[in-house]
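Breakdown of the fold
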Amino acid sequence: MKNMRMGMFALAMLIGGAWSFTVSAQLLGLKDEGVGIYTGPSVANQVTTFTLGRNMVSCGVGTLNALGDVGPFEMLMYSLRVDSFDVDRQSSLITATGKMRSTTRVAGLTVEDTNGKGFNPAPHDFIAFGWDNDNGAYPDRYELHFKTPYWNILNPICTPSSFVAGGCMFGGDLFMGEVVVKQ
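This text gives an overview of the structure that appears in the document. (Residues numbered from 1 in each chain as written. Predicted model: local features only at pLDDT ≥ 70, side-chain atom pairs only at ≥ 80, totals over all residues. Heavy atoms only, no water.)

**Details of the pattern of salt bridges**
Under the defined criterion, the tally for this structure stands at 7 salt bridges. Residue Asp113 is joined to Arg101 by a salt bridge in which the shortest nitrogen-to-oxygen separation is 2.6 Å. In this pair, Asp113 sits in strand 6 (residues 109-113) while Arg101 sits in strand 5 (residues 93-106), placing the two residues 12 residues apart along the sequence. Look at Arg101 and you get partly exposed, because its relative accessible area is 22%. Notably, a salt bridge pairs Arg141 with Asp173, separated by 3.1 Å at the nearest N-O pair. (Salt bridge = Lys/Arg side-chain N within 4 Å of Asp/Glu carboxyl O. Helix = DSSP H or I, 4+ residues; strand = E, 2+ residues; numbered from the N terminus. Buried < 20%, exposed > 50% of the residue type's maximum accessible area, 1.4 Å probe, protein only.)

Put into C-alpha cells, the structure is as follows:
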C-alpha cells in the first residue's frame, strides 16, 4: 500500500500544476489543516507564510534589503497554545483560537514582542480561519485576527478585524499551499 501511495505521489508530481500539489499533500496526510503562502493588502502585499493545525497556528512576513540582509519589516506570530480547533465540513472552514506570541521588527528594531517578559506585553488571543475552496472557482484562503498594543486599529497599517474588536487582520488568498478539509 505504501509503495502504491508513493507511486501515485510520483505520478502526480510529474503531471504538475495545482492539481498535483493537492493530490500530493493529501497522499502525504494533510487533513483538516493548512499550510501555504499568501499576499494581499493586509500584509502590505508582502509574501506571507502560515500554518493552521491542531497544534500550531503561525504567520510570518519578512522583507530583505538590497544586500539580502534584514529588511524594513519582519513579523512572526505563532501559537503558544491552541484552545479550540473546529472543522466545519459543510462550509469547508477551519477555525482555531488560542494564545499567540507576536514579534514585530521595523528597520531591524523590535517594536513589539508579546513574550510577557520585562516590559513586554503578554501573549495575545487569536482567531484563525482557513477556507478549503477546492471547487476551483476561488483559491483557498487564510486569515488571522488578533489585537496587541502595537497591532490595533490605531496603527495606520492595520487592516481592521471583523472578528476582534479594535484588532487587526492578516490574511489573503493562497498562491502556494492549501487548506484541506477532508469530506
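From this point, the narrative continues.
**A few points about a nonpolar patch on the surface**
On the surface, a cluster of nonpolar side chains totalling about 320 Å² of accessible area is made up of Val47, Phe175 and Met176. Inspection of the secondary structure puts Met176 in strand 9 (residues 168-180). (Patch = residues over 30% accessible without salt bridge, like charges linked within 9 Å, V, L, I, M, F, W, Y side chains within 5 Å. Areas by Shrake-Rupley, 256 points an atom, 1.4 Å probe, with all protein chains shown as cover.)

**Here we look at the pairing of strand 4 (residues 70-88)**
The sheet contact formed by strand 3 (residues 57-64) and strand 4 spans 6 bridges and is antiparallel. Residue pairing in the sheet places Gly60 in a bridge with Leu76 of strand 4. Across 14 bridges, the pairing between strand 4 and strand 5 is antiparallel. Bridge pairing links Arg81 to Lys99 in strand 5. Where strand 4 folds back onto strand 5 in an antiparallel hairpin, the turn is made up of 4 residues, including Ser92, whose phi is positive at roughly 55°. (Pairing = 2+ DSSP bridges.)

**A closer look at the environment of Arg101**
Considering only alpha carbons, one finds Arg101 and Asp125, 24 residues apart in sequence, at a separation of 9.1 Å. Apart from the residues lying within four places of it in its own chain, the contact partners of Arg101 are Leu76, Met77, Tyr78, Leu80, Asp113, Thr114, Asn115 and His124. (Contact = heavy atoms within 4.5 Å.)

**Thoughts on the state of the cysteines**
Under the criterion given, the structure shown has 1 disulfide. What pairs with Cys158 in a disulfide is Cys168, and their sulfur atoms sit 2.2 Å apart. Residues Cys158 and Cys168 are joined by a disulfide whose S-S torsion is about -125°; by sign, that bridge is left-handed. In this pair, Cys158 sits in the loop between strand 8 (141-146) and strand 9 while Cys168 sits in strand 9, placing the two residues 10 residues apart along the sequence. Classification of Cys158 as buried rests on a relative accessible area of 12%. (Disulfide = S-S within 2.5 Å.)

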